[in-house]
Amino acid sequence: MRKNILILILSLSLIMGFSLAAITAPVTLQWNLGTEPPTLDPALATDTTSVDVIEQLFLGLTDYDDETMEVVPELATSWECSEDGLVWAFHLRKDVKWTDGRPVTAHDIEYAVKRTLDPATASDYAYVLYIIKGAKEVNTGEIKDLNYIGVKAIDDYTIQFALNHPAGYFPCIAGMWVTRPVPRWTIEKYGDKWTEPENIVTNGPYLLTKWAHEDEIILEKNPDYFDADNVQIERVHCVMIVEASTAMAMYEEGKLDSVGVPLDDMDRVKADPVLSKELTIAPYLCTYYYGFNNSKPPMDNPLVRKAFSAAIDRKSLIDYVTKGEQVPATTFTCPGIFGHVPPEEGIGIGYDPEAARKYLADAGYPEGKGLPEITLMFNTSEGHRKIAQAIQQMWKEVLGVEVNLTNQEWKVYLKTLSEDAPQIFRLGWCADYPDANNWLYEVFHSTDSENRIKWHNAEFDRVVEEAARESDSAKRLELYKRAEQILCEEEAGIAPIYFYTIVNLTKPYLKRTFAPMGGEHFRDWRITK
Amino acid sequence: MINFVIRRILWSIPVLLIISLVTFGLGHAIPGGPFDKEKPLPAEIIANLEAYYGLDDPLWKQYTDYLWNALHGDFGPSYSSRSRTVNDIISTHFPVSAQLGVLALIVAMVVGIPLGMISALKQNSFIDYFCMFLALLGVSVPAMTLGPLLIWFFALKLHILPVARWGTWQQAILPAVTLGIGSAALLARLTRASMLQVIREDYIRTARAKGVSEKNVTIHHALKNALIPVVTVIGPMFAALVTGSLIVEQIFAIPGCGKYFVTSITNRDYPVVLGIMLLYAVIIIAANLLVDITYSWIDPRIRYT
Amino acid sequence: MEVKLKEKEKFEDETVISERPEVNLWKDAFRRMCKNKMAVLGAIIIMVLFIIAVFAPYIAPYHYAEGSLKDNFARPGSKFLLGADFMGRDLLSRIIYGTRISLSVGIVGAVTAFLIGVFYGVVSGYYGGKVDNIMMRIVDIMYGFPTLLLIILLMVLFKSTFAIATPGTFAGFLNNIDRAFGGLFFIFIGIGVTAWLGMARISRGMALSLREKEFIEAARATGNSNLQIMLKHVLPNLIGPCIVRVTLAIPGYITFEAFLSFIGLGVNPPTPSWGMMISEGYQAMRSYPHLAIYPGLALAITMLAFNFLGDGLRDALDPRMK
């Protein structure tokens, strides 16, 4: 009898213990960052991995709604701009605190913007702030005085920016990681090491509690975050699995809650009764394209460029090679960006073997006869290699042209492109902020951009310059449409190939959103087990 | 003996110097710099960064500065991850590579030596052929096929071992086996050959003739002597395992030093490339020295020159 | 008269001391090898592989670079015996053509190791003294290098500097050669840079002990030049063990190509190397195991064959060697 009671008590306590454990175990998200984030310093981040973590740690003035891509308030409660569109003021929340207890103020933002633009910081992304008055001059060392930059804390909770020209998209830029407030006192105390977990001071929805380099990052919910009540996931366990197939195996093992699907596993995932239900394909604001070196024969002839663009069967490429339900692209600016031209408008060059052959014949190379040796170059990667091989085959079939493939390691590739670009080369572009200015002007303007395709078109330059200054949205849309028409159709300076997608598997118990420009919002995600 | 060791250690100094010089030269000969980005930085910023890291100095000065700092135990900053120095990187990641190397070596020894012994004792029998076939298979299957196969079978089919990562003993099994199996095969073949040779020696025959039991002969006389050449390869083998774990680290997502090397070259992170190269060179030199010492200890007739 | 006598002596010296046992040794070795079933099997497999490599265009059902996207990832079946890859290219044909790549990597690696290594080692060991000291110090330095890392560094350098070299220059010329070889040329160089080291050490050791032997003394006394002695007396006596070593090293070179492919430093597409096929296929191991398994199998069989042959040669040529 006694024994029975003992067992009863024991088992009761066991059950209690378990249920207690179940209550106390934090709601944990298991997430793969893919690589080690090169930095957690908002001024220095350039890659999606870093931005994904920074998004959890540092708040911006504004943020994006993952669904609508609209700009929504985050640190700022409201903002307004002057009549001429040149001066913007943002009003800050008063209830935001740094993890060391100090309030987050407009001075922190002023410091952050100046720090990003300070040449000594050497921020890669400083150029997106060049729209701010004086930013470029200071960043390029022309002017040494940081106070020359058009940013000023009017009071503790109002920050003001002066711009070079009106820009409706400025609130997007104001929310980018390079303008996010950072703790001056910590940075000055610890130098480059301020982002290590023992030193870092943050203000976002999560705290950095562990950063084992190349291995894992642990984020814990920030109890002092102003909207902490609406954050359900209490801990994010980030791992850094580089191999896509290994990450996929971990997802199937249950060690990851969400994973990018490796290209080679797409067919299996689609055929699998369980996995196919967990598959989501969401847009991602990037474009994959082949650039032509417009100054190198035979690509200095628009007809040849058109022929090569028209001979690419984008749909087959997506169906058979990339497999991620990417969207065939005939224009450069991707969907979701202000200025994107919908396919119904029929702008750009689609797959048309007949026309392709005709273009090539008109250019004086019937069936490819007489063409010099043409090289297609890509940076070393399994995916690019596959796409290049498939397109090489298409050109051979449609145009009868045998194109050489070469690949180079990334840094050498960049150098080659700027010094002596081959006739055709692979590139991609991703949105920094959702406006076509970031695409057409900042990529292909003949003098103000990198202009890797070595292409000069006076009308294009004029159109994109005008669009940048124009404040009427309808007019801007028209201008960008015209620019796309020149770039991708009349001149065929590039051959757009596809618009990216995120191909993702998510466990049924996780409700997640997709951030089309990177910087996932874990705070909005829900786990119900 | 001590003189010999001291001389060898002194000799390793110029060797390391030359290795560092060659690595430094090769690294800087590769086109592209650490601050070349897809969206190029303004020239002024690059100039600033180069001044900060001393990259605007003439190459010889950069090299001598590096050596001077290295002598003081400072192997420089990492250009690609600013919050960490090369010392940080090596001190966090090298121990992992070393652990993996030790475990792989244990796998190699535990599997390879017995396999080779059994083969030798049952020479030309079916067991011998079978063991040697296994051993050859071990050398013949590349890690990038074996790794994913093991993951698929043990982690996803049988659910008895985790897929990847590092930290627990379960996580260590698959990578250690993937890495160690080739060396196990080498050890098996070496043990077999050496055992066969020893068994034919006179003193074994004498022992047998004296009536020592077969088991005793094998264990006390043959095995001890047969293992001598095996012991001498263990040092270099360990060095090879530690420095050759790159693929295994990548497949099993292990935070070791190996995969750092390739990424550092890609990033033109010269100090990290140099740091890892020198570290591995030290390991290899030490292993080679160890072999020579073991040899001299085993066979005092060897002269030191 | 004097001259004549010398010639006679020399003649005797060669026949009696070096040549006769030489002939017997090789014959003997061949006989011994034929008894070793495994070695014979290895030799046969290697011969078959060579035949496949030479006659690849006649044996392969398709061309290695041609396929239709519609057949992508086709499973093994009647159209594609071993299936097709992501571009619908026949895997069997690619494996057959790949034999050329893997064998040439193995052979070129072996030949460079052998030629450079043996020459270096013999010179160093035969002259001894200061020459030996300097030459072996160089080898020591090379030995200190982590080979893998050195080759990676070299490969990145080759692939990058030569790729942007202007045509017409020497670097541009090298790059053209590499292109013509589908990216193999730099791999050959990369392997060659370190492959000879081991060979140099072994042949040096043997040359060092040979030079003390009576028949070398005799050859020297009869007025043979150093070069003659090295070629006629030293070399033949150490060639056996060196062949064994080199045969056993071939599988290492072949896997090394696979390793380079894995880290993105391999051949240019669409050159069908097994290593490239494995590294393209291993990612798809779960969905299309045939993509990595068959090239892997081809690689394993080749390596087994060379190992069998090497073991057989060792037992036959140099039974004392471990």
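The rules behind these values
- Residues numbered from 1 in each chain as written.
- Chains lettered and ligands numbered in written order.
- Predicted model: local features only at pLDDT ≥ 70, side-chain atom pairs only at ≥ 80, totals over all residues.
- Heavy atoms only, no water.
- Pairing = 2+ DSSP bridges.
- Helix = DSSP H or I, 4+ residues; strand = E, 2+ residues; numbered from the N terminus.
- Axes fitted to C-alpha atoms, helices over the stretch in contact; angles between N-to-C directions.
- Contact = heavy atoms within 4.5 Å.
- Parallel < 35°, antiparallel > 145°, perpendicular 65-115°, else oblique.
- Left-handed = near helix turned anticlockwise from the far one by under 90°.
- Nonpolar A, V, L, I, M, F, W, Y, C, P; charged D, E, K, R; others polar.
- pLDDT = per-residue confidence, 0-100.
- Buried area = accessible area lost by both parts, 1.4 Å probe.
- Polar contact = N/O pair within 3.5 Å; in protein donor to acceptor, adjacent residues only side chain to side chain.
- Core = buried A, V, L, I, M, F, W, Y, C linked by side-chain atoms within 4.5 Å.
- Buried < 20%, exposed > 50% of the residue type's maximum accessible area, 1.4 Å probe, protein only.
- Domains from an automatic or database assignment.

Enquirer: Any chance you could break down the sheet that holds strand β1 (residues 28-32) of chain A for me, citing the residues and the numbers?
Expert: All names here are of chain A. Ordered in space as β1-β10-β9-β8, the 4 strands form an open sheet in which the pairing is mixed. Of all strands in the sheet, those with a lone pairing partner are β1 and β8 (206-212), marking the two edges. Strand-to-strand twist across the sheet, computed as the mean angle between neighbouring axes with direction ignored, equals 20°. Inspection of the sheet shows β8 paired to strand β9 (residues 216-221) by 6 bridges, in the antiparallel sense. Across the sheet, the residue bridging to Lys210 is Ile218, located in β9. Where helix α2 (residues 48-57) meets the sheet, its contacts fall on β1, β8 and β9, and the angle it forms with β8 comes to roughly 140°.

Enquirer: So what's going on with the packing of helix α16 (residues 458-469) of chain A against helix α17 (residues 473-490) of chain A? Residues and values would help.
Expert: All names here are of chain A. Between α16 and α17, the shortest axis-to-axis distance is 9 Å and the interhelical angle comes to 155°. Taken as axis vectors, α16 and α17 run roughly antiparallel relative to one another. The crossing of α16 and α17 is left-handed. Of the residues in α17, those touching α16 at Glu459, Phe460, Val463, Val464, Glu466, Ala467 and Ala468 are Arg476, Leu479, Tyr480, Arg482, Ala483, Ile486 and Leu487. Of the residues in the contact of α16 with α17, the class split is 10 nonpolar, no polar and 4 charged.

Enquirer: A description of the confidence of the model for chain B should follow, citing residues and the corresponding values.
Expert: Here chain B shows a mean pLDDT of 83. Residues at 70 or above account for 97%. Summarising per-element confidence for chain B, the mean pLDDT is lowest in helix α8 (residues 202-209) of chain B (73) and highest in helix α4 (residues 86-121) of chain B (90).

Enquirer: Explain the interface of chain C and chain B to me, using residue names and the numbers behind them.
Expert: The interface of chain C with chain B comprises 39 residues on the first partner and 44 residues on the second. A buried area of about 3800 Å², summed over both sides, lies between chain C and chain B, and 83% of it is on carbon and sulfur atoms. Linking chain C with chain B are 1 residue pair in polar contact (both at pLDDT 80 or more), by the criterion used here. Looking at the side of chain C that touches chain B, the elements that each hand over two or more residues are α5 (129-144), α6 (147-162), α10 (226-262) and α12 (290-317) of chain C. No other element matches α6(C), which puts 10 residues into the side of chain C that touches chain B. A per-class count over the side of chain C that touches chain B returns 28 nonpolar, 5 polar and 6 charged.

Enquirer: Before we move on, can you summarise the pairing of strand β6 (residues 151-155) of chain A with the specific residues and values?
Expert: Residues and elements named next belong to chain A. When β6 meets strand β7 (residues 158-162), the two strands line up antiparallel, connected through 4 bridges. Bridge pairing in β7 places Lys152 opposite Gln160. Connecting the antiparallel pair β6 and β7 is a turn made up of 2 residues.

Enquirer: I'd like a rundown of the nonpolar core, residues and numbers included.
Expert: Nonpolar side chains tend to gather and get buried jointly when the protein is soluble and globular. Tyr290(A), Phe308(A), Trp395(A), Leu399(A) and Ile152(C) are the most contacted members of the largest nonpolar core, which totals 225 residues. Of the residues forming this core, the biggest block, 15 residues, is contributed by α10(C). Both domains that meet at this core, namely domain 1 (29-34 + 193-278 + 506-527) and domain 3 (281-502) of chain A, each give it at least three residues. Once residues within four sequence positions are removed from consideration, Leu399(A) is found in contact with Ala307(A), Phe308(A), Ala311(A), Ala356(A), Arg357(A), Leu360(A), Glu367(A), Gly368(A) and Met394(A). Listed in part, the 111 residues of the second largest apolar core include Leu33(A), Ala106(A), Ala126(A) and Phe161(A).

Enquirer: Provide a residue-level description of the packing of helix α4 (residues 91-127) of chain C against α5(C), including the pertinent values.
Expert: A pair of packed helices can be characterised by two numbers: the angle between their axes and the separation between those axes. Residues and elements named next belong to chain C. In the contact formed by α4 and α5, the axes pass within 7 Å of each other and the chain directions differ by 140°. The orientation of α4 relative to α5 falls into the category oblique. Seen along the crossing, α4 lies across α5 with a hand that is left-handed. Seen from α4, the contacting residues are Tyr120, Val123, Ser124, Gly125 and Tyr127; seen from α5, they are Gly129, Val131, Asp132, Met135, Met136, Ile138 and Val139. In the contact of α4 with α5, the residues fall into 8 nonpolar, 3 polar and 1 charged.

Enquirer: Lay out the side chain of Ser183(B) with the relevant residues and their values.
Expert: Residue and element names in this part refer to chain B. Within the secondary structure layout, Ser183 lies in helix α7 (residues 169-199). Residue class for Ser183 comes out buried when judged on its relative accessible area of 9%. Each residue touching Ser183, except ones within four places of it in the same chain, is listed here: Ala108, Met237 and Leu241.

Enquirer: How would you summarise the sheet that holds β7(A) if you had to cite specific residues and measurements?
Expert: Residues and elements named next belong to chain A. Across the sheet, 4 strands lie side by side as β4-β5-β7-β6; this open sheet has antiparallel pairing. Looking at which strands have only one partner, the edges of the open sheet turn out to be β4 (76-81) and β6. Strand after strand, the sheet turns through a mean of 20° between neighbouring axes, direction not considered. Set on the sheet, helix α3 (residues 106-117) makes contact with β5 (87-92), β6 and β7; between it and β6 the angle comes to about 170°.

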